[in-house]
Structure formats: C-alpha cells, structure tokens
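Chain by chain, the residues run as shown.
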Amino acid sequence: MTYEFLQHYWCFVVSLLGAILVFLLFVQGANSVASSLGWTEEGKRLVYNSTGRKWEFTFTTLVTFGGAFFASFPLFYSTSFGGAYWLWMIILFTFVLQAVSYEFQNKIGNFLGPKTFQFFLTLNGIVGPLLLGGAVATFFEGSNFIIEKNNLVDMGALTPIISRWANASHGLDALLNPWVLIFGFAVVFLARVLGILYVMNNVNDEDIRSRGSVRLIGSAVPFVVLFVAYLVHLLLKDGFAVDDMGRIYMEPYKYLHNFIEMWYLLIILLIGVVLVLFGIAVEIIKFKAQSSKFQNKGIWPAGIGTVLTVLALLLCSAWNNTAYYPSTADLQSSLTLQNSCSSEFTLTTMFYVSLLVPFVLAYIVYAWRAIDAKKLDKDEIQNDHAY
C-alpha cells in the first residue's frame, strides 16, 4: 500500500460516510413535512414515531463522518470545524434539539407543549439539510480561509494556529453564494423526497400513503430543477486543480474533465440519478400491472441512488489532482489530499481498523430489519414507549 493509495482510500471512506449521511437525512425530510403528510394529530404522531426509530442512525453517522475526517484529514477538520464553527454549531444545535424534541414532546409535565417540540423537529428538518448541503457545496465553490503552516515553526508567532477564517462570519458567508444556496435547497428537497418515500414504506396507513404520493410531487419537482441547475453549473465552471508541484490553479471545466477522465465516476453518477428518479416515479405513477411490486418501496432505489450520486460528486471534488476544499481568500491555501492528510503510519493503522467496517454495517442492517419487522400502525403509538 502506497501513501497515495491510502490517501485515496480514506477519501473514499469519508465520501461514502458523507453519502450515507445524505441518505439518512430522510429523517429530517419527513419531519419537515409531517404536518401536511400526517395531517391529523394522530397522523403526525405516526410520522414522528416512524422517523423516531431511525434518528440515532443519522446522528451517529454525522459524528462518525466528522471523526473519520479528523483522523484521516486533520487539517480539513481544524480548518472547517474550527474556522467555520458558526455553520457547524448551528447544525449540531439543531440535531441536539431534534433528540430532545423526540423524547419530550409528549412527556407528562411538558409545560412547553407538544407543538413547541414539533416546531423544533421541523426546524431541524429544514436547517440541518440546508446547511449540510451548503457545506458540501463549498467543496466546489470554495471557502474563505487562510492556511499558514509556518506558524508551527515560527517562534515569533503569538499562537501556533495554522488555519484561520479570513472574516468574522466563520462559515456563514458561504450562504451569500447563490450556488451554495441552490445546492443546499436541493438537499432539503431531496431529504423531503426520501422522507416521504420512507414513511410511505414504513407506515401502514392508507391516508398517509395517499397524501404522500401528492406531497412527493411538490418536493420532487423543485429537487430535480435545483439539482439539474447545479449539476450544469458544476460541469461548466472553472475548477481548482493541482499541478505536479502541489500548486493550485484554476482549470476551465475541471469537474467535467474529472468525470470524463474518471469515467467510472460518471457511470456511478448516472446510475445514481436514474435510481433516484425511478424511486420517485414508481410512487407517483403507481403502475397497477407489472410494476405493482414496487409500490411503497421507492425508498430503496431512491436511497441507493442517493448514496451513489453523492459518492460520485464527493470523489469528483478530490480525486484526479483536485483541491477538495478550495480557498477563495488565498488560492494556495486550498486543501488537497496530499497537503491535508495524516501521516502514512496513521493512515495504515486506520486501514486495518477499517476492515471491521463491514461487520458494523452488517449489524446496522440487522438492527434496521429488526426495527422495521412490523410496519408502524395506529396501535403502535398507543403504548408507553411511543414518541
């Protein structure tokens, strides 16, 4: 195993975790449309109890994603999580609100009332995917930071801080970029699409399922429009390339070139997009003949498609001599796989630890199937353990 292989391997692992995290945002997406999807108080409780079975998966994956980035690419972790801390603190705060809201919305003695905590769940369902999507968009659009590695050896430096944000917004300035917002809202509507598909599959209630088909159109159309607009922008924009000496320069059509030169990523992207569209179509059209077996199962092709699509995009931002975290304040401060990764010893050690990941994934699949062995119905929300 060469050092270069380990860098690309851990980029793949982190990208896969990020792709799975985007899929698991169906929890946030369903919560953001719970009022219109559930309609009645009983219906909303069905939606919240459906997503309440899975919110831990999303939160755990978010933490694991951050941990994997910290271990394999520590300079990115210190730059983004340390510099753009307002962005990440808001994300984490809304996720903490989500956890609290699930537990206390219907508890005896809740003086704030259920609607307050349901508002918090809706807030997390919108703000969480929006900011996470915006954070992903900065991999292509750039962020406003400066790297000064000389501070580590400069005895005259007041502090040995090697990365700092170039303004006082600490990450929120990314939201001033309209393309960051477009991608962020694309993730919001994707999360809603996945959330509706998941609830239609997980909840045994015909009223919710019939409303879900209609609500699906209202989320799928803006998602497709926003995603296609950003994808066209991405393929036509100048990208952040790295030469043989490690210098960063702007290359016209860089990301288009990446997909052409790494044709396998293009194939993964196209398969992913087709699967997402197929998962949406089978629920909207609801074929009555040959395709009836797919009814209420659109979450699975759409979910797999989401993972493949996001994985291809994230790898396109880093592989093939590309700066995966570009700086708009100082082009040469941009982060690449080579200048931001851990030591070869650390990456090698973690490689062998990562061989345990398939066993963890197998347990997650087992736990998921056990939780969903029985479809959720109105009888389930009458017990003391319901949210």
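I will try to describe carefully the structure that is included in this document. These numbers were taken from a predicted model, which means no experiment stands behind them.

Parameters at a glance
Residues numbered from 1 in each chain as written. Predicted model: local features only at pLDDT ≥ 70, side-chain atom pairs only at ≥ 80, totals over all residues. Heavy atoms only, no water. Pairing = 2+ DSSP bridges. Helix = DSSP H or I, 4+ residues; strand = E, 2+ residues; numbered from the N terminus. Contact = heavy atoms within 4.5 Å. Axes fitted to C-alpha atoms, helices over the stretch in contact; angles between N-to-C directions. Parallel < 35°, antiparallel > 145°, perpendicular 65-115°, else oblique. Left-handed = near helix turned anticlockwise from the far one by under 90°. Nonpolar A, V, L, I, M, F, W, Y, C, P; charged D, E, K, R; others polar. Buried < 20%, exposed > 50% of the residue type's maximum accessible area, 1.4 Å probe, protein only. Core = buried A, V, L, I, M, F, W, Y, C linked by side-chain atoms within 4.5 Å. 1 Å grid on protein atoms, 1.4 Å probe; cavity = no way out; pocket = protein on both sides within 12 Å on 5 of 7 lines; lining within 4 Å. Points joined across faces, edges and corners; volume = space filled by probe spheres on them. Expected span 1.5 Å × (residues − 1). Phe/Tyr/Trp six-rings, centres within 6.5 Å; stacked < 30°, edge-to-face > 60°. Lys NZ or Arg CZ within 6 Å of the ring centre and 35° of its normal.

Notes on the pairing of strand β4 (residues 248–251)
Working step 1: Sheet topology note: the strand β3 (residues 239–242)/β4 ladder contains 4 bridges and is antiparallel. Among the inter-strand pairings, Gly-239 is bridged to a residue of β4, identified as Glu-251.
Working step 2: Adjacent in sequence and paired antiparallel, β3 and β4 are bridged by 5 residues, among which Gly-246 carries a positive phi angle near 85°.

Some words on the side chain of Thr-61
Working step 1: For Thr-61, the location among the structural elements is in helix α5 (residues 55–72).
Working step 2: Not counting residues up to four positions away in its chain, the partners in contact with Thr-61 are Leu-17, Ile-20, Leu-21 and Leu-24.

Some words on the packing of helix α8 (residues 114–141) against helix α9 (residues 178–202)
Working step 1: One can describe the packing of α8 onto α9 by two numbers: an axis separation of 7 Å at closest approach and a directional angle of 135°. With respect to their mutual orientation, α8 and α9 come out oblique. In terms of crossing hand, the pair formed by α8 and α9 is right-handed. Touching Ile-126, Pro-129, Leu-130, Gly-133, Gly-134, Val-136, Ala-137 and Glu-141 of α8 are Trp-179, Val-180, Phe-183, Gly-184, Phe-185, Val-187, Val-188, Ala-191 and Arg-192, all from α9.
Working step 2: Here the contact of α8 with α9 is composed, by residue class, of 12 nonpolar, 3 polar and 2 charged.

Some remarks on the environment of Gly-128
Working step 1: Residue placement: Gly-128 occurs in helix α8.
Working step 2: The exposure class of Gly-128 is buried, given its relative accessible area of 0%.
Working step 3: In sequence terms Gly-128 and Thr-94 are 34 residues apart; their C-alpha atoms lie 6.6 Å from each other.
Working step 4: What Gly-128 contacts, discounting residues up to four positions off in sequence, is Thr-94, Phe-95 and Leu-123.

Some details on the nonpolar core
In globular proteins that are soluble, nonpolar side chains generally tend to be buried together.
Working step 1: The biggest cluster of nonpolar side chains holds 106 residues, and the ones touching the most others in it are Phe-73, Leu-313 and Tyr-324.
Working step 2: Broken down by element, this core gets its largest block of residues, 13 residues, from α9.
Working step 3: Leaving out residues up to four positions away in the same chain, Leu-313 has contacts with Phe-140, Phe-183, Phe-227, Leu-231, Leu-234, Phe-259 and Leu-269.

Points about the layout of surface pockets
Working step 1: For the largest pocket, the calculated volume is near 1100 Å³.
Working step 2: Leu-17, Ile-20, Val-357, Leu-361 and Ile-364 are, among the 31 residues lining the largest pocket, the residues nearest its centre.
Working step 3: When grouped by side-chain class, the residues that make up the lining of the largest pocket number 25 nonpolar, 5 polar and 1 charged.
Working step 4: Surrounding the second largest pocket, 39 residues form its lining, Val-22, Val-136, Phe-183, Val-187 and Val-310 being those nearest its centre.
Working step 5: When contributions to the lining of the second largest pocket are tallied by element, the ones reaching two or more residues are α1 (3–24), α6 (74–83), α7 (85–104), α8, α9, α10 (206–236), α12 (263–285) and α13 (299–316).
Working step 6: The element contributing the most residues to the lining of the second largest pocket is α8, with 7 residues.
Working step 7: Taken together, the residues of the lining of the second largest pocket break down into 31 nonpolar, 8 polar and no charged.

Focus: α12
Working step 1: Taking 1.5 Å as the rise per residue, α12 with 23 residues should run 33 Å; its terminal C-alpha atoms sit 32 Å apart, in good agreement.
Working step 2: When α12 is considered as a whole, its buried residues turn out to be Leu-265, Leu-269, Gly-272, Val-276, Gly-279, Ile-280, Val-282 and Glu-283.
Working step 3: Summarising the contacts, the buried residues of α12 are in contact with α9, α10, α11 (254–261) and α13.

So, the packing of α12 against α13
Working step 1: Packing of α12 against α13 brings their axes to within 7 Å, and their N-to-C directions diverge by 150°. Relative to α13, the element α12 is oriented roughly antiparallel. Like other packed secondary-structure pairs, α12 and α13 cross with a definite hand, here left-handed. Of the residues in α13, those in contact with Leu-265, Ile-268, Leu-269, Ile-271, Gly-272, Val-273, Leu-275, Val-276, Phe-278 and Gly-279 of α12 are Pro-301, Ala-302, Ile-304, Gly-305, Thr-306, Leu-308, Thr-309, Ala-312, Leu-313, Leu-315 and Cys-316.

Focus: α8
Working step 1: If you check α8, its first and last C-alpha atoms are 40 Å apart, about what 28 residues at 1.5 Å a residue would give, namely 40 Å.
Working step 2: Residue Gly-142 follows α8 closely and has a positive phi angle near 95°.

Here's the deal with the environment of Asn-106
Working step 1: By the secondary structure assignment, Asn-106 is in the loop between α7 and α8.
Working step 2: Each C-alpha atom of the pair Asn-106 and Thr-349 lies 46 Å from the other, and the pair is 243 residues apart in sequence.

A word on the packing of aromatic side chains
Working step 1: Within the structure shown, the criterion is met by 37 aromatic pairs.
Working step 2: Aromatic side chains Phe-81 and Trp-88 sit 4.4 Å apart centroid to centroid with 15° between the ring planes, which places their arrangement in the stacked category.
Working step 3: Directly above the aromatic system of Trp-368 lies the positively charged group of Lys-54, at a separation of 4.7 Å from the ring centroid.

Here's the deal with the environment of Ala-186
Working step 1: Within the secondary structure, Ala-186 is located in helix α9.
Working step 2: Between the C-alpha atoms of Ala-186 and Met-1, which are 185 residues apart in sequence, the distance is 38 Å.
Working step 3: Leaving out residues up to four positions away in the same chain, Ala-186 has contacts with Phe-223, Leu-226 and Phe-227.

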